[in-house]
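Examination of the molecular architecture
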Amino acid sequence: RFNRAELADALGIDADNVRILSPYVGGGFGSKLGISSEAVAAAIAARELGRPVRVVLSRQQVFEATMRRSETRQRIRLAADGDGILAGVGHEAWVTNLEDESFAEPVIQATAFAYRGENRKIALYLGRVNKTCAGSVRAPGEAVGHTILENAMDELSVATGIDPVDLRLRNIPDKVPGTDRPFSSHKMAEALERGAEAFGWTRGRRPPGDRQEGDWLIGRGMASAIRGNLLIEAQARVRLEGDGQIVVETDMTDIGTGSYAVLSQIAAEMLGQPLKKVVCLLGDTDLPPASGSGGSFGASSCGTAVYLACLDIRKRLAELAGCEERDLTLRDGRAISENREFPLVELIGNKAIEACGHCEPGNTSQQVRQASFGAYFVELAVSAVTGETRLRRMLGCFSAGRILNAKTARSQCLGGMTWGIGMALTEELIHDPRYGNIVNNDLAEYHIPVNADVPELDVMFLEERDPWANPMQAKGLGELSICGAAAAVTNAIFDATGMRIRHYPATLDKVLAGLPER
């Protein structure tokens with residue numbers, strides 16, 4: 001829906017004359033919520049030539065033609081008493097973008113409600129630069145903003161001598177600071193406690209660098225995870241065929257996050273059919289417009305549209321069965337009402353029943369603060385000789401309402417934590433200061449985590465239902481698993497070496513320069 005409107009605007013034509021087909025995207029990895037120059041170029045060329053045109057970008061061109069995440073400069077100030085209770089929070093962030101671009105990376109959006117502290121200064125400043133366009137990459141502002149806040153919380157932990165888990169527990173707010181607005185649900189405390197127990201976290205602060213195995217300095221670190229929850233307008237069409245097959249149609253995309261599986265599951269469960277009886281059609285703008293994949297709102301928003309369409313079908317089935325919808329049970333292809341039971345296909349009489357679900361956000365976001373929470377725990381080793389950092393294990397404990405599919409949810413969290421490792425240790429986009437072009441525009445020079453960089457990762461989910469979020473009581477998850485992850489790694493580097501990373505990533509040259517002499 002959004003890409004079609006953007007392309008139509010770029011070409012100066014009506015959106016009804018644009019059709020986009022993208023049923024299988026593969027890994028989206030963020031940074032591609034909107035269209036980029038190659039899509040417009042392909043459309044212009046196809047219109048001029050009167051024939052199909054395919055544009056294939058080299059890896060270097062992908063770096064130059066799509067979105068980058070803005071660099072950030074952040075200043076954190078925390079004021080606390082001797083017990084570690086926060087009285088003041090300051091978070092100022094500087095980001096960049098092109099002239100006339102309205103987007104500014106929302107670095108500070110989680111700081112407003114992460115911890116207590118009645119005195120606050122939270123500000124975002126945007127500078128205009130001539131670089132490639134900046135946008136959200138692999139998560140919104142919390143990915144970089146909450147990471148730095150969690151580094152600051154670790155410094156406060158050292159200054160007060162309070163265990164970092166206990167410090168965070170003492171500062172979890174009852175309501176959004178400075179307001180009477182409650183949280184729809186809040187599981188950070190449980191994530192901290194359960195995660196610490198599962199990881200084997202030892203409470204208390206030990207002097208940094210006091211654990212060593214040969215030339216390796218051993219450190220442990222942790223951080224909390226926060227990501228705001230969103231619901232976006234979405235539509236879906238569901239058709240129950242006369243033979244019992246279910247067809248789900250929406251222009252939602254699947255970027256490797258499991259949209260096909262999750263939407264099929266919702267329809268199957270709502271209409272009492274096995275999953276193999278569901279056909280899910282996605283990625284076509286001729287289908288009902290969906291929310292799109294981004295912002296961790298896809299499953300909740302589009303899933304709600306599917307849910308509402310199925311609910312409408314259930315009501316019609318209840319009418320045919322002569323009962324109320326709440327008294328109708330659909331299971332294993334059969335309709336059950338009180339002491340009556342009959343095949344579903346017999347109830348619908350070989351006639352298809354179709355319904356459209358329309359998810360429209362209400363005013364719940366003004367009434368309560370909705371967010372997902374979690375915690376990370378890391379153990380790593382730093383070479384006292386080379387400055388090399390090697391993660392040994394990492395655990396993430398997350399709470400995101402009802403988990404719609406445990407397998408795809410775990411996969412997303414493994415991915416988010418891996419990207420957090422990359423943010424912490426290897427990933428850095430370098431621009432030529434003279435011309436603004438990217439100089440490390442390939443995967444030989446832009447270093448993403450490989451197998452040797454990623455240790456044993458463990459993911460835990462807490463039981464939760466958030467009735468404020470949507471009818472399914474699920475909240476956004478995918479991006480939660482990167483928001484703060486890098487801080488757990490760099491906090492562990494401090495625990496191992498006594499050195500703070502002020503400039504991400506913590507490449508070995510930076511770590512080596514700060515190592516204590518031994």
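Described in the following lines is the structure provided in the data block. Everything quoted here is computed from the prediction, not taken from an experiment. (Residues numbered from 1 in each chain as written. Predicted model: local features only at pLDDT ≥ 70, side-chain atom pairs only at ≥ 80, totals over all residues. Heavy atoms only, no water.)

To continue, consider the overall build of the protein chain. Helices and strands together make up the secondary structure of the protein chain, namely 14 helices and 15 strands. Here the protein chain has a C-alpha radius of gyration of 25 Å; the compact-globule value for 518 residues is 24 Å, and the two agree. Taking the principal axes of its C-alpha atoms as reference, the protein chain extends roughly 80 × 65 × 45 Å. For the protein chain, the proportion of its 518 residues judged to be buried stands at 51%. Counted over contacts in the protein chain with a minimum sequence separation of 6, partners at least 24 positions apart contribute 77%. Roughly 23200 Å² of accessible area belongs to the protein chain as shown, and the carbon and sulfur atoms make up 49% of that amount. A gap of 1 Å separates the mean positions of the 57 positive and 67 negative side-chain charges of the protein chain. (Helix = DSSP H or I, 4+ residues; strand = E, 2+ residues; numbered from the N terminus. Rg over C-alpha atoms; globule rule 2.2 N^0.38 Å. Buried < 20%, exposed > 50% of the residue type's maximum accessible area, 1.4 Å probe, protein only. Contact = heavy atoms within 4.5 Å. Areas by Shrake-Rupley, 256 points an atom, 1.4 Å probe, with all protein chains shown as cover. Lys, Arg positive; Asp, Glu negative; His and termini not counted. Charge placed at Lys NZ, Arg CZ, Asp CG, Glu CD.)

Further remarks concern helix α9 (residues 298–321). Between its first and last C-alpha atoms α9 spans 34 Å; for 24 residues at 1.5 Å apiece the expected length is 34 Å, and the two agree. A positive phi of about 70 degrees marks G322, the residue just after α9. (Expected span 1.5 Å × (residues − 1).)

With that out of the way, let us pick up the pattern of salt bridges. Across all of its chains, the model carries 40 salt bridges by this definition. Here R203 ties to D166 by a salt bridge, and the two come within 3.0 Å at their closest N and O atoms. A residue pair is termed long-range when its members are at least 10 positions apart, and R203 in the loop between α7 (188–199) and β4 (212–213) and D166 in helix α6 (residues 164–170) qualify at 37 residues. Exposure remark for R203: the relative accessible area of 36% places this residue in the partly exposed category. Classification of D166 as partly exposed rests on a relative accessible area of 23%. Via salt bridges that share partners, R237, R239, E241, E249 and E354 belong to a single interconnected network. (Salt bridge = Lys/Arg side-chain N within 4 Å of Asp/Glu carboxyl O.)

With 46 residues, the main nonpolar core has Y376, V378, L380, L391, M394, F398 and L425 as its most contacted residues. If you list the elements that add at least two residues to this core, you get β2 (86–97), α5 (142–160), β5 (216–228), β13 (371–383), β14 (389–399), α12 (406–425), β15 (456–461) and α13 (485–497). For L380, the residues in contact, after removing those within four places along its chain, are L217, I218, G219, T389, R390, L391, R392, V489, A492, I493 and A496. Grouped together as the second largest cluster of nonpolar side chains are 41 residues, V306, I313, L347 and I348 included. (Core = buried A, V, L, I, M, F, W, Y, C linked by side-chain atoms within 4.5 Å.)

A few words now on α7. Taking 1.5 Å per residue as the helical rise, α7 with its twelve residues ought to reach 16 Å, and the 16 Å between its terminal C-alpha atoms agrees with that figure. Among all positions in α7, only M188, A191, L192, G195, A196 and F199 are buried. Taken down its axis, α7 places every buried residue within 120 degrees of arc, on the same side. In this structure, the buried side of α7 is in contact with α4 (111–114), α6, β5, β13 and β14. G200 lies just past α7 and shows a positive phi near 85 degrees. (Arc of directions from axis to C-beta.)

What follows is about the side chain of N441. The topology assignment puts N441 in the loop between α12 and β15. In this structure, N441 is in contact with R59, Q60, F63 and E64, ignoring residues within four places of it in sequence.

Let us look at the packing of aromatic side chains. Counted by the stated rule, this structure contains eight aromatic pairs. On the basis of an interplanar angle of 75 degrees and a centroid distance of 5.7 Å, the ring pair of Y376 and F398 is categorised as edge-to-face. A residue pair is termed long-range when its members are at least 10 positions apart, and Y376 in strand β13 and F398 in strand β14 qualify at 22 residues. Residue Y376 shares its accessibility class with F398, and that shared class is buried. (Phe/Tyr/Trp six-rings, centres within 6.5 Å; stacked < 30°, edge-to-face > 60°.)

For the rest of this paragraph, the subject is the sheet that holds strand β7 (residues 246–249). Strands pair in a sheet through their backbones, by hydrogen bonds, and they do so in one of two ways: parallel or antiparallel. Strand order in this open sheet of four strands is β8-β7-β6-β12, and the pairing throughout is mixed. What marks the edges here is a single partner per strand, and that holds for β8 (278–281) and β12 (353–359). Ignoring which end each strand starts from, the neighbouring axes of this sheet average 15 degrees apart. Note that strand β6 (residues 234–240) and β7 share four bridges and pair antiparallel. Bridge assignment links R237 to a residue of β7, and that residue is E249. Across the sheet, helix α8 (residues 259–271) lies against β6, β7 and β8, angled at about 140 degrees from β8, the strand it touches most. Packed onto the sheet, α9 meets β6, β7 and β12 and runs at close to 140 degrees relative to β12. (Pairing = 2+ DSSP bridges. Axes fitted to C-alpha atoms, helices over the stretch in contact; angles between N-to-C directions.)

This part covers the sheet that holds strand β1 (residues 73–80). Reading across from one edge, β1-β2-β3 is the order of the three strands in this open sheet, with mixed pairing throughout. Strands with a single pairing partner mark the edges of an open sheet, and in this sheet they are β1 and β3 (119–128). Across this sheet, the average inter-strand angle for adjacent strands is 5 degrees, counted without regard to direction. The pairing of β2 with β3 spans ten bridges and is parallel. Paired with H91 across the bridge in β3 is I122. Sitting on the sheet, α5 is in contact with β1 and β2, with an inclination near 40 degrees to β1.

Going from Y504 to P505, the amide bond is cis rather than trans, its omega being 0 degrees. Considering the arrangement of structural elements, one finds P505 in the loop between α13 and α14 (508–514). The phi torsion at D100 lies on the positive side, around 75 degrees, for a residue other than glycine. The topology assignment puts D100 in the loop between β2 and α4. For D100, a relative accessible area of 77% gives the class exposed. If you check the backbone angles, A139 has positive phi at about 150 degrees while not being a glycine. For A139, the position within the fold is in the loop between β3 and α5.

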